[in-house]
Amino acid sequence: MRYATDLLTSAGHPDPAGTAALLLMVRDGAMVGGYLDDAGTVRANLSRAVDALLPSDG
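Residues numbered from 1 in each chain as written. Predicted model: local features only at pLDDT ≥ 70, side-chain atom pairs only at ≥ 80, totals over all residues. Heavy atoms only, no water.

Engineer: Please explain the overall build of the protein chain as it appears in this structure.
Structural biologist: Broken down by element type, the protein chain carries 3 helices and 0 strands. Reading the helices (α) and strands (β) of the protein chain from amino to carboxyl end gives α-α-α. By principal-axis analysis of the C-alpha atoms, the protein chain measures approximately 35 × 25 × 10 Å. Residue burial in the protein chain is summarised as follows: out of 58 residues, 17% are buried. Within the structure as shown, the protein chain displays about 4,300 Å² of accessible surface, and the carbon and sulfur contribution to it stands at 61%. (Helix = DSSP H or I, 4+ residues; strand = E, 2+ residues; numbered from the N terminus. Buried < 20%, exposed > 50% of the residue type's maximum accessible area, 1.4 Å probe, protein only. Areas by Shrake-Rupley, 256 points an atom, 1.4 Å probe, with all protein chains shown as cover.)

Engineer: When you look at the pattern of salt bridges in this model, what are you seeing that I'm missing?
Structural biologist: Pairs can form between side chains of opposite charge once their charged atoms are near each other. Counted by the stated rule, this structure contains 2 salt bridges. We note a salt bridge from arginine 2 to aspartate 6, for which the minimum N-O separation is 3.6 Å. In this pair, arginine 2 and aspartate 6 both sit in helix α1 (residues 2-10), 4 residues apart, roughly one turn of the helix. One salt bridge in this structure joins aspartate 28 and arginine 27, with 2.7 Å as the shortest N-O distance. Accessibility expressed as a relative area gives 40% for aspartate 28, which makes it partly exposed. (Salt bridge = Lys/Arg side-chain N within 4 Å of Asp/Glu carboxyl O.)

Read these as layout, nothing more, since geometry by itself doesn't imply function.
Given below as structure tokens:
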């Protein structure tokens, strides 16, 4: 998690530690979801989650 926190810090994210923890949790959920659900559904949900946590500036 330290690596993700450092990346988010260097990118100027307002909450690097909290967001890194959430991203790792989302990743873990995507791994489990891949076993239980359709890959397309998991991919779409993962993309939406990452977009919500790391919005682009346009």
